[in-house]
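Observations on chain architecture
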6 protein chains.
Amino acid sequence: MKISARNMLKGKIVGIKKGATTAHVSLEVNGTIVMASITNDAVDELKLTVGMEAAAIVKASDILIAVED
Amino acid sequence: MKISARNMLKGKIVGIKKGATTAHVSLEVNGTIVMASITNDAVDELKLTVGMEAAAIVKASDILIAVED
Amino acid sequence: MKISARNMLKGKIVGIKKGATTAHVSLEVNGTIVMASITNDAVDELKLTVGMEAAAIVKASDILIAVED
Amino acid sequence: MKISARNMLKGKIVGIKKGATTAHVSLEVNGTIVMASITNDAVDELKLTVGMEAAAIVKASDILIAVED
Amino acid sequence: MKISARNMLKGKIVGIKKGATTAHVSLEVNGTIVMASITNDAVDELKLTVGMEAAAIVKASDILIAVED
Amino acid sequence: MKISARNMLKGKIVGIKKGATTAHVSLEVNGTIVMASITNDAVDELKLTVGMEAAAIVKASDILIAVED
């Protein structure tokens, strides 16, 4: 499967914290931590575990640009 | 200013392409290209130019996780 | 590749309209038209054409629920 | 009220799961399940219940397109 | 129609700028300008014009919080 | 820091409700309540408290426009 999202950051899962319905999944990507908020259902269905290789996908329209003053 | 978004990827602007209302801004972040789709107005107001240091900001809820089959 | 997004609506591309930087891609999904706004770059890279099978992917947190008054 | 979002998928609520602050609402739309992640407050205010008719609304810019390799 | 989005800011349209596919619509809401990026199609279908009363709708999960350092 | 998001609504925090992983933060902005859904982590890191001045930031592409029928 190929997808239209312009950004795919490959890394390794370093943390998974499940809440009541929403989970936080942390990836290490080139030394930077990237955190995703996804459903608990997705964590289960994808069988995500710490140490697993995964990618963070982001649509270009969901990115903001910041610069120093 | 500090913001609630969990993800701030620092890099350098390597491309700016303005459309009629929407611009595509590309950053190099640790050797990876990250593309943001923002308004032309934001490009002008922030005086974005190629070579400038900038950061890509993404809310955790806007990130999808992908794994290999 | 498997992804965390909870919604994947399979259909056929019935329209592609490219703008200066942003394209509108319409899918027919079970008789309903679904429209996505993606980058022109994505249209080119995925070689999207009218008639092609494709899926619309939506993260659960990007869906609003509406009911009649 | 009319809204600018390009996608409104009409269906019936088949599941509601409330978490601590975030709820998952599942709709059956033409035989497909669509899952929305909304606030518990919205579930209460809209008095959502299983069996109720509802629609999933999605902005075109929140849709990704996927194709087979 | 009632919707699950937690935020509806009522105001008046003070500007519409159509691009090739994407339009920018500005609302004055209690003296503040709010800008939305929507499809040209939505502008046409809703027959948006300057001076018209309208509301900006935002899902709670699409809001970031910022504070001063 | 300056950011590309077109909308920054300044106000005062009037409510914080933490869930298991996701928190709801309410701001009063010119007499209107604006609710943001952010991570508990962000609430802690920004040391958000009721009564504090804060701003709601929204990207133009995350705003829908609604008009009366």
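The preceding data block contains the structure.
A brief look at the structure comes next. Predicted model, so just to flag it, every value in this text is computed and none were measured.

**Things to note about the relation of the copies chain B and chain E**
The operation relating chain B to chain E is a screw motion whose rotation component is 120 degrees, with 0.0 Å of axial translation and a residual RMSD of 0.0 Å. A rotation of that kind, with that shift, is consistent with a three-fold axis. Identified as the residue of chain B closest to the rotation axis by C-alpha distance is Ala20 of chain B, at 3.4 Å.

**Observations regarding the sheet that holds strand β2 (residues 7-18) of chain A**
Sheets are built from strands paired through backbone hydrogen bonds, the pairs being either parallel or antiparallel. One open sheet accounts for six strands, arranged β4(A)-β3(A)-β2(A)-β5(A)-β6(B)-β1(C); its pairing is antiparallel. Each edge of the open sheet carries a strand with a single partner, namely β4 (32-39) of chain A together with β1 (2-3) of chain C. With six bridges connecting them, β2 of chain A and strand β3 (residues 22-29) of chain A associate as antiparallel partners. Looking at β3 of chain A, one finds that Lys17 of chain A is bridged to His24 of chain A.

**Some points on the sheet that holds strand β6 (residues 64-67) of chain A**
With antiparallel pairing, six strands are arranged side by side in an open sheet as β4(B)-β3(B)-β2(B)-β5(B)-β6(A)-β1(F). Strand pairing shows two members of the sheet lacking a second neighbour, β4 (32-39) of chain B together with β1 (2-3) of chain F, which therefore form its edges. Alignment of strand β2 (residues 7-18) of chain B against strand β5 (residues 53-58) of chain B, held across six bridges, turns out to be antiparallel. Directly across from Met8 of chain B, in β5 of chain B, lies its bridge partner Ile57 of chain B.

**Side note on the environment of Ala20 of chain B**
Residue placement: Ala20 of chain B occurs in the loop between β2 and β3 (22-29). Taking the relative accessible area as the measure of exposure, Ala20 of chain B reaches 36% and is therefore partly exposed. C-alpha of Ala20 of chain B to C-alpha of Asn7 of chain B: the two residues are 13 residues apart in sequence and 29 Å apart in space. Filtering out sequence-adjacent residues up to four positions away, Ala20 of chain B remains in contact with Asn40 of chain B, Ala20 of chain C together with Lys17, Gly19 and Ala20 of chain E.

**Focus: the interface of chain B and chain E**
Across the contact, 14 residues belong to chain B and 16 residues belong to chain E. Taking both partners together, chain B and chain E bury about 1200 Å²; carbon and sulfur atoms supply 55% of that area. The largest per-residue losses of area from chain B upon contact with chain E belong to Met1, Lys2 and Thr21 of chain B, which jointly make up 41% of the total buried on that side. For the interface between chain B and chain E, the tally reads zero salt bridges. Two strands pair when backbone bridges link them, and strand β1 (residues 2-3) of chain B and strand β6 (residues 64-67) of chain E are joined in this way by two bridges, in the antiparallel orientation. Looking at the pairing, Ile3 of chain B lines up with Ala66 of chain E of β6 of chain E.

**A word on the interface of chain A and chain B**
Across the contact, 30 residues belong to chain A and 30 residues belong to chain B. Roughly 2700 Å² is buried in total at the junction of chain A and chain B, and carbon and sulfur atoms are behind 67% of that figure. The interface formed by chain A and chain B includes zero salt bridges. Viewed at the interface, chain B and chain A are joined by eight residue pairs in polar contact (both at pLDDT 80 or more). Put simply, the parts of the chain that give the side of chain A that touches chain B at least two residues each are β2, β3, β4, β5 (53-58) and β6 of chain A. The element best represented in the side of chain A that touches chain B is β4 of chain A, accounting for seven residues. A class-by-class count of the residues in the side of chain A that touches chain B yields 22 nonpolar, five polar and three charged. The sheet contact formed by β6 of chain A and β5 of chain B spans three bridges and is antiparallel. Looking across to β5 of chain B, one finds that Ile65 of chain A is bridged to Ala56 of chain B.

**Some remarks on the environment of Thr21 of chain B**
Residue position: Thr21 of chain B is located in the loop between β2 and β3. What makes Thr21 of chain B buried here is its relative accessible area of 3%. Taking the C-alpha atoms as reference, Thr21 of chain B lies 21 Å from Ile57 of chain B; in sequence the two are 36 residues apart. Residues in contact with Thr21 of chain B, not counting those within four places in the same chain, are Thr39 and Asn40 of chain B together with Lys17, Lys18, Gly19, Thr22 and His24 of chain E.

Definitions and cut-offs
- Residues numbered from 1 in each chain as written.
- Chains lettered and ligands numbered in written order.
- Predicted model: local features only at pLDDT ≥ 70, side-chain atom pairs only at ≥ 80, totals over all residues.
- Heavy atoms only, no water.
- Least-squares fit on C-alpha atoms with pLDDT ≥ 70 in both.
- Pairing = 2+ DSSP bridges.
- Helix = DSSP H or I, 4+ residues; strand = E, 2+ residues; numbered from the N terminus.
- Buried < 20%, exposed > 50% of the residue type's maximum accessible area, 1.4 Å probe, protein only.
- Contact = heavy atoms within 4.5 Å.
- Buried area = accessible area lost by both parts, 1.4 Å probe.
- Salt bridge = Lys/Arg side-chain N within 4 Å of Asp/Glu carboxyl O.
- Polar contact = N/O pair within 3.5 Å; in protein donor to acceptor, adjacent residues only side chain to side chain.
- Nonpolar A, V, L, I, M, F, W, Y, C, P; charged D, E, K, R; others polar.

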